[in-house]
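An overview of the molecular structure
Read off the chains here:
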Amino acid sequence: MTQARLMDGTAFARRIVDDTAERAARLTERTGTAPCLATVLVGEDPASVTYVRMKQNRCRTAGIESRHVALPANTTTAELVGTLRELSADPAVHGILLQHPVGDHVDERAAFEAIAPEKDVDGVTFASFATMSFGLPGFVSCTPGGILRLLDAYDVDPAGKQAVVVGRSAILGKPVGMLLLARDATVTYCHSRTRDLSAAVREADIVVAAVGRPRLIRGQDIKPGAVVIDAGYNPGNVGDVDFDSAVERASLITPVPGGVGPMTIATLLEQTVEAAARQLGA
């Protein structure tokens, strides 16, 4: 069997960002107001600082204004909720991104729920999960949304296929399963208490690895010809899939980095411009 084709998230994300930049420019010209994304960071975790800086840089390339709110590591839940409510009420801000994790001492769910649904461009609130699950207008979680766009780009139709999602987080595993279900896939969720993970994965036509454990999914577990989406990112640029062995069995596979990550940011920017258009009535 030949090696799998790489799903080039970097190239496809660039096209999305270019289209988003054109739409942002038209919106700014029509309304006199540029789309604005507010990023909120609690503490100075090096990885989080890097992610936020990357998102700010991408905003600039797409014609989106970026407002950054840096809060100290000892910020309380009440203080964070207050900040997010203020941003939600600010008409100059069209989208809000709370960089997570926020620290064990903070109630992350309470913080997410302080974001107004119409500004939840990262798709983290209960309201966004509900609209995503029921196929209603709203904003999808960015990584799951980016994954579905990448499948579309490579003409992978989930309808009728067995999809296995390894991971059940509220912002990745659960929502990507719901989006696949909405596309008529038969979805199985696997997690830390799944008794025989390898057996479940071997049945999958589409595998989404989103558990945060390096090289958990091995090539021998991959059904020949399966599509493998590695949404994991671990130290050393290592995904949740053992790439070297999986590439020998899959038909399509995302690299780490350069697969899912760029699609996440592209989706965030696209949804920020969409949020601005809705709020500005344009």
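Structure first, text after, so check above.
So, here is what we can say about the structure in this document. Keep in mind the model is a prediction, meaning the values are calculated, not measured. (Residues numbered from 1 in each chain as written. Predicted model: local features only at pLDDT ≥ 70, side-chain atom pairs only at ≥ 80, totals over all residues. Heavy atoms only, no water.)

With that out of the way, let us pick up the overall build of the protein chain. When you go through the protein chain residue by residue, the secondary structure sums to 10 helices and nine strands. Scaling as 2.2 N^0.38, a compact globule of 282 residues should have a C-alpha radius of gyration of about 19 Å, and the protein chain matches this with 19 Å. Its C-alpha atoms give the protein chain principal-axis dimensions of roughly 55 × 40 × 35 Å. The contacts of the protein chain with a sequence gap of at least 6 include a subset with a gap of at least 24, amounting to 71%. Only carbon and sulfur atoms are counted for the fraction: they give 51% of the accessible area of the protein chain, which is about 12900 Å². Between the centroid of the 28 positive side chains of the protein chain and the centroid of its 33 negative side chains there is a distance of 2 Å. (Helix = DSSP H or I, 4+ residues; strand = E, 2+ residues; numbered from the N terminus. Rg over C-alpha atoms; globule rule 2.2 N^0.38 Å. Contact = heavy atoms within 4.5 Å. Areas by Shrake-Rupley, 256 points an atom, 1.4 Å probe, with all protein chains shown as cover. Lys, Arg positive; Asp, Glu negative; His and termini not counted. Charge placed at Lys NZ, Arg CZ, Asp CG, Glu CD.)

The next thing to look at is the packing of helix α2 (residues 46-61) against helix α10 (residues 260-279). Two numbers describe how α2 lies on α10: the axes approach to 10 Å, and their chain directions differ by 55°. On the basis of the axis angle, α2 is oblique to α10. Note on packing geometry: the crossing formed by α2 with α10 is right-handed. Within the contact between the two elements, α2 uses Met 54, Lys 55, Arg 58 and Cys 59 and α10 uses Ile 265, Leu 268 and Leu 269. Here the contact of α2 with α10 is built from residues that sort into five nonpolar, no polar and two charged. (Axes fitted to C-alpha atoms, helices over the stretch in contact; angles between N-to-C directions. Parallel < 35°, antiparallel > 145°, perpendicular 65-115°, else oblique. Left-handed = near helix turned anticlockwise from the far one by under 90°. Nonpolar A, V, L, I, M, F, W, Y, C, P; charged D, E, K, R; others polar.)

Looking now at the sheet that holds strand β1 (residues 5-6). Pairing in this open sheet of six strands is parallel, and the strands run β1-β9-β8-β7-β5-β6 from one edge to the other. Unpaired on one side and paired on the other, β1 and β6 (186-190) mark the two borders of the sheet. Looking at chain direction, strand β5 (residues 162-166) and strand β7 (residues 206-209) are connected through four bridges and run parallel. Among the inter-strand pairings, Val 165 is bridged to a residue of β7, identified as Val 208. Taken strand by strand, helix α7 (residues 173-182) contacts β5, β6 and β7, and its axis lies near 165° from that of β6. (Pairing = 2+ DSSP bridges.)

The calculated volume of the largest pocket comes to roughly 1500 Å³. If you go around the largest pocket, you meet 50 residues; those closest to its centre are Tyr 51, Thr 143, Tyr 233, Gly 261 and Thr 264. The leading source of residues in the lining of the largest pocket is α2, at eight residues. (1 Å grid on protein atoms, 1.4 Å probe; cavity = no way out; pocket = protein on both sides within 12 Å on 5 of 7 lines; lining within 4 Å. Points joined across faces, edges and corners; volume = space filled by probe spheres on them.)

A word on the environment of Asp 122. Relative to the helices and strands, Asp 122 is located in the loop between α4 (108-113) and α5 (126-134). Separated by 25 residues in sequence, Asp 122 and Leu 97 place their C-alpha atoms 6.1 Å apart. Beyond its immediate sequence surroundings of up to four residues, Asp 122 is in contact with Ile 96, Leu 97, His 100, Val 140, Ser 141, Cys 142 and Leu 268.

The terminal C-alpha atoms of helix α6 (residues 142-153), which comprises 12 residues, lie 16 Å apart, in line with the 16 Å expected from a rise of 1.5 Å per residue. Counting buried positions along α6 yields nine of 12 residues, so the element is predominantly enclosed. Taken together, the buried positions of α6 are Cys 142, Thr 143, Pro 144, Gly 145, Gly 146, Ile 147, Leu 148, Leu 150 and Leu 151. Within two residues after α6, Asp 155 carries a phi angle of roughly 55°, on the positive side. (Expected span 1.5 Å × (residues − 1). Buried < 20%, exposed > 50% of the residue type's maximum accessible area, 1.4 Å probe, protein only.)

Pairing geometry for strand β2 (residues 36-42) and strand β3 (residues 65-71), over seven bridges, is parallel. Residue pairing in the sheet places Ala 38 in a bridge with Arg 67 of β3. In this view, the connection linking β2 to its parallel neighbour β3 by way of α2 has right-handed handedness. (Right-handed = clockwise from strand over helix to strand, strands pointing away.)

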